[in-house]
Amino acid sequence: MTLWRKRARDSPEMHMNERTDFPAETAGTGNEVPGRILEAVRYLSQSRERGRCLAILTADSGDMTRLALKRFLADADASSKVARILEPTDSRHGFLEAVLTQLGFEPFESSADDLQRLLNVVLRQGACQKITTIILVENAQQFGPRVLELLRDLIRAAQELTPPPLFILTGQAALHRVLDSKGMASLAGLAKQRFDLSPAKVPPDGPAVPGKQDDPCLVLSLDSRERGRFPLRGERLLIGRGEHCDIPILSRFISRQHALFLRNASGDWIVDLKSTNGTSVNSALIRQRRLVHGDIISIGNHRLRYHNPAASPRLPAPEPSGEQLSETMVMRSLKQLLKPEEPPSTGEEAASHVA
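Figured I'd write up the structure that's included with this text. The written sequence of each chain sets the order in which its residues are numbered from 1. The predicted origin of the model limits local features to residues at a pLDDT of at least 70 and limits the giving and counting of side-chain atom pairs to 80 or more, whereas totals for whole chains, interfaces and linings rest on all residues. Computation of side-chain values: all heavy atoms of the structure, hydrogens and water removed.

## As for the pattern of salt bridges
So, point 1. Any Lys or Arg side-chain nitrogen found within 4 Å of a carboxyl oxygen on Asp or Glu counts as a salt bridge. In the structure shown here, the tally under the stated rule is 9 salt bridges.
So, point 2. One salt bridge in this structure joins Asp153 and Arg152, with 3.2 Å as the shortest N-O distance.
So, point 3. On the basis of relative accessible area, Asp153 is assigned to the partly exposed category, the value being 31%.
So, point 4. Arg263 is the partner of Asp268 in a salt bridge, and the nearest nitrogen-oxygen pair spans 2.7 Å.
So, point 5. Classification of Asp268 by relative accessible area gives buried; the value is 5%. Buried, partly exposed and exposed residues are distinguished by accessible area as a fraction of the type maximum, computed with a 1.4 Å probe on protein chains only: under 20%, between the cut-offs, and over 50%, respectively.

Printed below as a string of structure tokens:
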């Protein structure tokens, strides 16, 4: 029978090497840290604090994600255990051995199934001791299908733990396609909140913006590539998978009637229509939010950037209750957009529309 032995000198200091062993070029320059990096750190911290077991961080440059990870781990609880996997592989055994080694175990010959059972035990023990185990997988899109399926199973099992371990997957835009594939469909609910450090790119032959460049619009992008621009000329726009939508987005992760853009005297708003996979603004899940110039609306794996330099800045505190949109106003606006035979969707109806 194969055995693994825990190292005799296993202490919090043992795991600090994994936290700080980042390339020198990502160390930053004091206070000169891009605001987007700090937002990514906040997203990772909130994922841990709110008991999520999966966080997804993408960027065009690996240096950006490594800097965000470095700052996040520097603020993590000293008792947290960290395993950082850098080398892409399609070997379940090799991946599990690397994780367990960094968590303080000395390996002997073991089957991949034995190692997976051991890791599950280690994660459960950590939860019982109120220790958050953080497993970083960098360039996750480069790992083979066997390891991706293993990660899927580990993450699903982690949901039952309190506090759960936090799996952080980083990579480039191709990671979104991996997570949205049929093989990873069971993680759809966990993978809906993602953070992309890359600004949207406009291809040379991208669609032109009608009118002036400063005219308000929503800029649609996928995998950091611009897919279209939608001028904000009326009081409302319906966003979703349905053909009747003003901004139609064909994706099985988007409900038929997913979100509603509304304009009133207080400003421009985005409202989630009780969609199955939710709507986020700047990586925060919302029910409704007044928009400010540059806000990033996430719907499935698509992004809508709100472009309106004339928009009023957001207050530092939550929106006053008097400025919140009433459900009656939202439903009235939605009914005005829909044909008579297309009733407003409820959460249950939205679920039935997701493929």
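Moving on from the model shown.
## With respect to the environment of Val99
So, point 1. Runs of E in the DSSP output that reach at least two residues are strands. Runs of H or I that reach at least four are helices, and both are numbered from the N terminus. Relative to the helices and strands, Val99 resides in helix 4 (residues 92-102).
So, point 2. Here Val99 falls in the buried class, since its relative accessible area comes to 0%.
So, point 3. Between the alpha carbons of Val99 and Ala83 there is a distance of 5.7 Å; along the sequence they are 16 residues apart.
So, point 4. Contacts are assigned to residue pairs with any non-hydrogen atoms lying within 4.5 Å of each other. Ignoring anything within four residues of it in the chain, the contact list for Val99 reads Ala83, Ile85, Leu119 and Ile135.

## So, the sheet that holds strand 18 (residues 302-307)
So, point 1. Pairing in this open sheet of 6 strands is antiparallel, and the strands run 9-8-18-17-14-15 from one edge to the other. The two strands at the open ends of the sheet, each matched to only one other strand, are strand 9 (225-231) and strand 15 (284-286). If you compare each strand with its neighbour and ignore which way they point, the axes differ by 30° on average. Between any two strands, pairing holds if DSSP finds at least two bridges. Helix axes use the C-alpha atoms of the stretch in contact, all axes being lines fitted to C-alpha atoms, and the angles between their N-to-C directions lie in the range 0 to 180 degrees.

## Brief notes about the packing of aromatic side chains
Centre distance and the angle of the planes are the two values used to describe a pair of aromatic rings.
So, point 1. To pair, rings of Phe, Tyr and Trp, with the six-membered ring standing in for Trp, must have centres within 6.5 Å; the planes then decide the type, stacked if under 30 degrees apart, edge-to-face if over 60, and tilted in the middle. For the structure on display, the rule yields 2 aromatic pairs.
So, point 2. Note on Phe95 and Phe143: the rings are 6.1 Å apart at their centroids and 90° apart in plane angle, and the pair reads as edge-to-face. Of the two residues, Phe95 is situated in helix 4 and Phe143 in the loop between strand 5 (133-137) and helix 6 (145-158); the sequence distance between them amounts to 48 residues.
So, point 3. What makes Phe95 buried here is its relative accessible area of 1%.
So, point 4. Among the residues examined, Phe143 registers a relative accessible area of 4% and is labelled buried.

## Describing the packing of helix 5 (residues 112-128) against helix 6
So, point 1. Two elements in contact, helix 5 and helix 6, have axes whose closest approach is 11 Å; the angle formed by their N-to-C orientations is 30°. Accordingly, the angle class assigned to the pair helix 5 and helix 6 is roughly parallel. In terms of crossing hand, the pair formed by helix 5 and helix 6 is right-handed. The segment helix 5 lies against helix 6, with Gln116, Leu119 and Asn120 engaging Leu150, Asp153, Leu154 and Ala157.
So, point 2. Under the convention adopted here, Pro, Cys and the residues Ala, Val, Leu, Ile, Met, Phe, Trp and Tyr are nonpolar, Asp, Glu, Lys and Arg are charged, and Gly plus all remaining residues are polar. Taken together, the residues of the contact of helix 5 with helix 6 break down into 4 nonpolar, 2 polar and 1 charged. Note on terminology: angles under 35 degrees are roughly parallel, angles over 145 are roughly antiparallel, angles of 65 to 115 are roughly perpendicular, and the others are oblique. Each crossing gets its handedness from the near helix: less than a right angle anticlockwise from the far helix is left-handed, clockwise is right-handed.

## Re the environment of His307
So, point 1. Tracing the backbone shows His307 in strand 18.
So, point 2. His307 gets classed as buried once you look at its relative accessible area, which sits at 13%.

## Quick look at the pairing of strand 6 (residues 166-171)
So, point 1. The element strand 6 is largely enclosed, with a buried count of 6 among its 6 residues.
So, point 2. In strand 6, alternate side chains face the same way, and those of Leu166, Ile168 and Thr170 on one face and Phe167, Leu169 and Gly171 on the other are all buried.
So, point 3. As paired strands, strand 2 (residues 54-58) and strand 6 are joined by 5 bridges and run parallel to one another. Counterpart to Ala55 in the pairing with strand 6 is Ile168.
So, point 4. Summarising the sheet, strand 5 and strand 6 pair through 4 bridges and their orientation is parallel. Following the sheet pairing, Val137 is matched in strand 6 by Leu169.
So, point 5. With the strands pointing away from the viewer, any crossover whose connection runs clockwise from the first strand over the helix to the second is right-handed. Between strand 5 and its parallel partner strand 6, the chain crosses via helix 6, and the hand of that crossover is right-handed.

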